[in-house]
Amino acid sequence: MSRILPLNKRGIAANPVVLGCMGFGGGWNQNPVTADDVKQLHAAVDAALEAGINMIDHADIYTFGKAEEAFGKLLKERPELRDQLILQSKCGIRLYESQERPQRFDFSKEHILRSVDGILGRLGIESLDILLLHRPDPLVEPEDVAEAFNELHQSGKVKNFGVSNMSEGQIRFLRTAVQQPLIVNQIEMSLLKLDWLNSVVHVNQDKGRESCFPEGTIEYCRTENIQLQAWSPLARGLFSGQALEGQSEAVVNTAALVGELAERKGTTREAIVLAFLLRHPAGIQPVIGTVNPQRILACGEAVKVELSREEWYQLYVTSRGDKMP
C-alpha cells in the first residue's frame, strides 16, 4: 500500500526504507578505516540507490565514529552523491571512556554542539539534513537543548531535528523549550519487538501489562506528523534466513509464515518482514542495518508488497505466539 510519509509532507523526499550505517567502518575497534571499508560502502550505497533508497542513517558512536568517517571518504570520492542522499545522524550517547567516565547520555548544549561538529567533520559536509537525539537523557534540560538547536539551525549546520526512543511525554517536555519541529522518532519495531502494537491492543486489559512501551506514543506521533522510524526492523534476520536453533515456537512459526507469504507473492523474505511495518497507517520507515548489497536489494522489494489486513494480522498473531483477545 503506497503511503505518503510524514517526512514527505514536510517536503523531504525520502524513500520508505532507510539504510542504517551501524555495521560500516570496519567494526567496533580502534583499527583505522581502510580502503576495503570504503569499498564496502560504495557497494552498499549503489545497491540502495538501485533499490530506490535515498536516506542514510548514522550515529556519531557507530563503530566509534568510523562509520561516518568511511562515509565521508565515499562522499569525497563521489561528491555528486551528496545531492542524491538525505543524511541523518544521532548524538547524545557517550561511550565508555574509563571507570570514572562510564557510558552515559549527554544532552548538554556543549556536548550537542561538539558532537555535530564531529559529525560534519567526519562526513565532510557543511550541513546535516536531520539530527536526532540518541535515546533519552534523564538529566536533560529542555532549555539547554533549545539553545543548541537554535545555534545549529541558525548557522545552517542542521536543517531538521528529531529524537529516538522517546515517549509522548518526553517529546512534549522537550517541546516546552525547543522551537524547531521534532520531525522524527526512531524506536525499535519489528515482528520480534511488538510492544508498540501490544500497548494499543492491551488497553483496559490485564494481559500484556508487562509491556514497557508507553501507551499513546504511536498515536501522538501520527497526530503531530512525526516520522516514526523502526530500528532493527529485520529482527537480526530471524525471519529471513538466520538459523533458528533455540528460538521460540512463535519465532519458528513466524519465519515459516514469512517464507510462505514471500513465495506466494513472488518476493523476498526481507520484503515481507518490512512490509509488515510499511502496512501500518503511521507510514513507518524501516531502518535496515545490513551491509550486504543483495540483502539491501531484497529489502528494497518491500515497497512493492501489498499485505491484506488478514495477512497483516496473521503475521502479528503468529509472532505474538497466542490468539488475539
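Reading the values: the criteria
- Residues numbered from 1 in each chain as written.
- Predicted model: local features only at pLDDT ≥ 70, side-chain atom pairs only at ≥ 80, totals over all residues.
- Heavy atoms only, no water.
- Helix = DSSP H or I, 4+ residues; strand = E, 2+ residues; numbered from the N terminus.
- Rg over C-alpha atoms; globule rule 2.2 N^0.38 Å.
- Buried < 20%, exposed > 50% of the residue type's maximum accessible area, 1.4 Å probe, protein only.
- Contact = heavy atoms within 4.5 Å.
- Areas by Shrake-Rupley, 256 points an atom, 1.4 Å probe, with all protein chains shown as cover.
- Phe/Tyr/Trp six-rings, centres within 6.5 Å; stacked < 30°, edge-to-face > 60°.
- Salt bridge = Lys/Arg side-chain N within 4 Å of Asp/Glu carboxyl O.
- Axes fitted to C-alpha atoms, helices over the stretch in contact; angles between N-to-C directions.
- Parallel < 35°, antiparallel > 145°, perpendicular 65-115°, else oblique.
- Polar contact = N/O pair within 3.5 Å; in protein donor to acceptor, adjacent residues only side chain to side chain.
- Pairing = 2+ DSSP bridges.
- Patch = residues over 30% accessible without salt bridge, like charges linked within 9 Å, V, L, I, M, F, W, Y side chains within 5 Å.
- Disulfide = S-S within 2.5 Å.

Before going further, it helps to spend a moment on the overall build of the protein chain. A count of helical and extended segments in the protein chain gives twelve helices and ten strands. Taken against the 2.2 N^0.38 rule, which gives 20 Å for 325 residues, the C-alpha radius of gyration of the protein chain at 20 Å falls within 12% of a compact globule. If you line up the protein chain on its principal axes, its C-alpha atoms span 50 × 45 × 45 Å. Looking at the 325 residues of the protein chain, the share that counts as buried comes to 54%. A separation of at least 24 residues holds for 76% of the contacts in the protein chain among residues at least 6 apart in sequence. Taken as a whole, the protein chain presents about 14700 Å² of accessible surface, with 49% of it coming from carbon and sulfur.

This brings us to the packing of aromatic side chains. One pass over the structure, following the stated rule, counts six aromatic pairs. Relative to Y316, the ring of W312 has its centre 5.6 Å away and its plane inclined at 45°; by these criteria the two rings are tilted. Of this pair, W312 and Y316 both sit in helix α12 (residues 309-320), four residues apart, which is roughly one turn of the helix. Relative accessible area serves as the criterion here: at 1%, Y316 is assigned to the buried category. Seen in terms of ring centroids, Y313 and Y316 are 6.4 Å apart; in terms of plane orientation they differ by 55°. Their pairing is tilted. Remark: Y316 and Y313 occur in helix α12; sequence separation between them is three residues, near one turn of the helix.

Residue position: S127 is located in the loop between α4 (109-123) and β6 (128-133). Sequence spacing of S127 and Q154 is 27 residues, and the spatial spacing of their C-alpha atoms is 11 Å. Sequence-distant contacts of S127, defined by excluding residues within four places in its chain, comprise R82, L120, G156, K157, V158 and K159.

On to unusual backbone geometry. Unlike most non-glycine residues, F64 shows phi in positive territory, near 55°. One can find F64 in the loop between β2 (55-57) and α3 (66-77). What makes F64 partly exposed here is its relative accessible area of 40%. Backbone geometry places R236, a non-glycine residue, at a positive phi of 60°. Examined against the element boundaries, R236 turns out to sit in the loop between β9 (227-231) and α9 (249-265).

So, on to the pattern of salt bridges. Following the criterion strictly, the structure yields 17 salt bridges and no others. As a salt-bridge pair, D57 and K90 come within 2.7 Å of each other at their nearest N and O atoms. Linking D57 in strand β2 with K90 in strand β3 (residues 86-91), this pair joins segments that are 33 residues apart in sequence. Comparing D57 with K90 shows no difference in burial state: the two are buried. A salt bridge links K304 to E301; the shortest N-O distance between them is 3.3 Å. With a relative accessible area of 60%, K304 lands in the exposed category. What emerges from the salt-bridge pattern is a single network uniting D46, R78 and E80.

This next bit is on the packing of α3 against α4. Two numbers describe how α3 lies on α4: the axes approach to 6 Å, and their chain directions differ by 45°. Considering the angle they form, α3 stands oblique to α4. Side by side, α3 and α4 meet where E68, E69, F71, G72 and L75 of the first sit next to I119, R122 and L123 of the second.

The next point concerns the environment of N185. Considering the arrangement of structural elements, one finds N185 in strand β8 (residues 182-188). Residues in contact with N185, not counting those within four places in the same chain, are V163, S164, N165, M166, I171, T217, C221, I226, Q227, L228 and Q229. Among the polar contacts made by the side chain of N185, one reaches the main-chain amide nitrogen of N165 at a distance of 3.4 Å. A distance of 2.8 Å separates a polar atom in the side chain of N185 from the backbone oxygen of M166.

So, about the sheet that holds β8. Around the barrel, eight strands lie side by side as β1-β2-β3-β6-β7-β8-β9-β10; this closed barrel has parallel pairing. Across this sheet, the average inter-strand angle for adjacent strands is 30°, counted without regard to direction.

Moving on: a nonpolar patch on the surface. A contiguous nonpolar surface patch, about 320 Å² in accessible area, is contributed by M22, W28 and F64. Considering the arrangement of structural elements, one finds W28 in the loop between β1 (18-20) and α2 (35-50).

Moving on to the state of the cysteines. A covalent bond between the sulfur atoms of two cysteines is what we call a disulfide. The full count for this structure, using the stated rule, is zero disulfides. For C21, which is in no disulfide, the shortest distance to another cysteine sulfur is to C299 and amounts to 14 Å. By relative accessible area, which is 1% here, C21 ends up buried.

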